[in-house]
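Examination of the molecular architecture
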Amino acid sequence: MISLLQVRDMVALYGRTDAYQISQKFSASLLPMIEAMLDKLAAMGKLEQIDQSSCLTGHSCKQCPEIKKCNLKIYQVTSL
C-alpha cells in the first residue's frame, strides 16, 4: 500500500508532477487513490497545486500538440 509520505516524496523527486505520472510509477490502477492523496496533501499544506495553464513541458495548452484539453492538476512541494 502506498503512503502519503511516498506520494509527497515522489512529487519532490519529480519537482512538478501530476497524478497520472505518479500512478504509472506505482501501478496504473491506483490513479483515483493517488488523486485523492494529492488533494489531501495539498489540503494539509504539504503540496501546492500550480497554474494549470502551463503543462509539464512548459508550454501553454494553446501551444500543446494534443488536440484535446488535458486539464491536469499539477503539484509541487510547498516552498518553505
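Procedures and definitions
Throughout this document, residue positions are counted from 1 along each chain, in the order its sequence is written. With the structure being a predicted model, the display of local features is reserved for residues of pLDDT at least 70 and the display and counting of side-chain atom pairs for 80 or more, all residues being used for whole-chain, interface and lining totals. Side-chain figures throughout are based on the complete set of non-hydrogen atoms in the structure, without hydrogens or water. A 1.4 Å probe rolled over the protein chains alone gives each residue an accessible area, and that area as a share of the maximum for its type sets the label: buried under 20%, exposed over 50%, partly exposed in between. A run of H or I in DSSP counts as a helix once it spans at least four residues, and a run of E counts as a strand once it spans at least two, with each numbered from the N terminus. By arc we mean the arc of the directions from the helix axis to the C-beta atoms, nothing more. We call two residues in contact whenever any of their non-hydrogen atoms come within 4.5 Å of each other. Two strands are said to pair when DSSP picks up at least two bridges between them. Under this scheme, a helix contributes an axis fitted over its contacting stretch, all axes are lines through C-alpha atoms, and angles between N-to-C directions fall in the 0 to 180 degree range. What sets the label is the angle itself: under 35 degrees gives roughly parallel, over 145 gives roughly antiparallel, 65 to 115 gives roughly perpendicular, and the rest give oblique. Handedness of a helix crossing follows the sense of rotation of the near helix relative to the far helix, less than a right angle counterclockwise being left-handed and clockwise being right-handed. Just so you know the grouping, Ala, Val, Leu, Ile, Met, Phe, Trp, Tyr, Cys and Pro go in nonpolar, Asp, Glu, Lys and Arg go in charged, and all remaining residues, Gly too, go in polar. The term nonpolar core refers to a set of buried residues drawn from Ala, Val, Leu, Ile, Met, Phe, Trp, Tyr and Cys, joined through side-chain atoms within 4.5 Å.

Topic: helix α1 (residues 4-14)
Among the residues of α1, V7, M10 and V11 are the ones counted as buried. End-on view of α1: buried residues confined to an arc of 100°, all on one side of the axis. Exposed positions of α1 whose direction lies more than 90 degrees from the buried face are L5 and L13. Where α1 is buried, its residues touch β1 (16-17), α2 (19-26), α3 (31-43), β2 (47-49) and β3 (75-77).

Considering the sheet that holds β1
Ordered by their spatial adjacency, three strands build an open sheet running β1-β3-β2, and the pairing between neighbours is antiparallel. The open sheet has two edge strands with one neighbour each: β1 and β2. Where β2 and β3 come together, three bridges link them in antiparallel fashion. By the bridge assignment for β3, E48 is matched with Q76. Each of β1, β2 and β3 is contacted by α1, which is oriented at about 95° to β3, the strand it contacts most.

Quick look at the packing of α1 against α2
Between α1 and α2, the least distance of the axes is 11 Å, while the angle of their chain directions is 110°. Here α1 lies roughly perpendicular to α2, going by the angle between them. In this structure, α1 meets α2 at a crossing whose hand is right-handed. When α1 is examined against α2, the residues Q6, V7, M10, V11 and Y14 are found in contact with a partner set consisting of Q21, I22, K25 and F26. Its residues assigned to classes, the contact of α1 with α2 shows six nonpolar, two polar and one charged.

Here we look at the nonpolar core
Of all hydrophobic cores here, the largest spans twelve residues; its members are I2, V7, M10, V11, A19, I22, I34, M37, L38, L41, L47 and Y75. Ranked by residues supplied to this core, first place goes to α3 with four residues.

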